[in-house]
Amino acid sequence: MDDQVFSTSQVFQDYDEKCTFCPLRRKRKTLDNNTLFSERNPTRYWDKRHLLFSKYDQGVLLDETGWFSVTPERVAIEIAQLLPNNDNDSSSNNSNLVVYDGFAGLGGNAIQFALVGNHRVIAAELDVNRARLCRHNAKVYNAQVDLIIGDFFNLDLLNVDVVFASPPWGGPSVNDQLVFRLDDRMFELAKKARSMTKNLIIYLPRHTSILDLARLSESVGDDYFRVVIHRNEDQRGIVAISALFGPMFVDGNCDDPEPVVETKQKQKKRKRQKIKS
């Protein structure tokens, strides 16, 4: 097995028996799965493995980054349910939605989009090894995911109904920030997605700046790009937010109860349009 891939039988059983030297106490200290974490030792997340993938014991594979970056399965299902779900109505156009996951990673979201909504899922992943793991995990769940190896910013897809993006946040240290600010790359992401479809979902840290999201919507220059904020929760509480853009969500087709966020400039523009009409 590849050294960069961690499975059920690998790494963790060995760590239970290993010790490290503690210079302050001048004695050997047993490694603790609840406190130990480094780039080569992701045991801190071992107890959460079934929250990430309920079928973990059936052969799901993760790399080091995946232990803290993959979307928990319950949250991924919740996000997939935000899309119109008409898998029982074959006559509906919504049953054939094309969902493009621009940052597939290990497939946490792509798998649920394919399973929950019976949609066609196209997933892009830049890293070849992670793309291989994504394909493997999709097979474990018996989910149909069309995988593309490439950079989201360099790919142009046609006939896409929804773009989903879960870009890198910067690792576990993101939780040390008081407010998560959107950088220029995130604005480029929105413009790139807007060139393919009006409907966009961005998965972001729970402490993302709402003002930045409003500015992100305004930067695209489309009234449909007002933003709906959906709080993603699992057993631990709110773990992230999903920013929903586009008529599929803003026009009331989404069951999410959160209000639409608008900048003052956009509110004035909308009022002027109402007066003219």
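Residues numbered from 1 in each chain as written. Predicted model: local features only at pLDDT ≥ 70, side-chain atom pairs only at ≥ 80, totals over all residues. Heavy atoms only, no water.

A few words on the side chain of Asn 109. Relative to the assigned elements, Asn 109 resides in helix α5 (residues 108-116). By relative accessible area, which is 6% here, Asn 109 ends up buried. Looking at Asn 109, its side chain comes within polar contact range of the side chain of Thr 71, at 2.7 Å. Filtering out sequence-adjacent residues up to four positions away, Asn 109 remains in contact with Thr 71, Ala 76, Ile 79, Asp 101 and Phe 164. (Helix = DSSP H or I, 4+ residues; strand = E, 2+ residues; numbered from the N terminus. Buried < 20%, exposed > 50% of the residue type's maximum accessible area, 1.4 Å probe, protein only. Polar contact = N/O pair within 3.5 Å; in protein donor to acceptor, adjacent residues only side chain to side chain. Contact = heavy atoms within 4.5 Å.)

Our focus in this paragraph is the nonpolar core. Counting residues in each nonpolar core, the largest one holds 46 residues, and the members touching the most others are Phe 53, Leu 62, Leu 83, Phe 113 and Ile 201. Residues in contact with Leu 83, not counting those within four places in the same chain, are Val 99, Phe 113, His 119, Val 162, Ile 201, Met 248 and Phe 249. With 31 residues, the next largest nonpolar core counts Val 98, Ala 124, Phe 152 and Ala 190 among its residues. (Core = buried A, V, L, I, M, F, W, Y, C linked by side-chain atoms within 4.5 Å.)

With that settled, consider helix α4 (residues 73-80). Those residues of α4 that sit buried are Glu 73, Val 75, Ala 76, Ile 79 and Ala 80. Relative to the axis of α4, the buried residues are bounded by an arc of 160 degrees and lie together on one face. Of the surrounding secondary structure, the elements contacted by the buried residues of α4 are α2 (49-52), α5, β6 (162-165), β7 (200-205), β8 (227-234) and β9 (237-245). (Arc of directions from axis to C-beta.)

For the coordinates displayed, the defined rule picks out six salt bridges. Here Asp 63 and Arg 130 are joined by a salt bridge, their closest N and O atoms 2.7 Å apart. Of the two residues, Asp 63 is situated in the loop between α2 and α3 (66-69) and Arg 130 in helix α6 (residues 128-140); the sequence distance between them amounts to 67 residues. There is no split in this pair, since Asp 63 and Arg 130 are both buried. Measuring nitrogen to oxygen at the nearest pair gives 3.3 Å for the salt bridge that ties Glu 188 to Arg 185. Taken together, the residues span about one helical turn, with Glu 188 and Arg 185 both in helix α7 (residues 184-194) at a distance of three residues. The exposure class assigned to Glu 188 is partly exposed, which follows from its relative accessible area of 39%. The exposure class of Arg 185 is partly exposed, given its relative accessible area of 42%. (Salt bridge = Lys/Arg side-chain N within 4 Å of Asp/Glu carboxyl O.)

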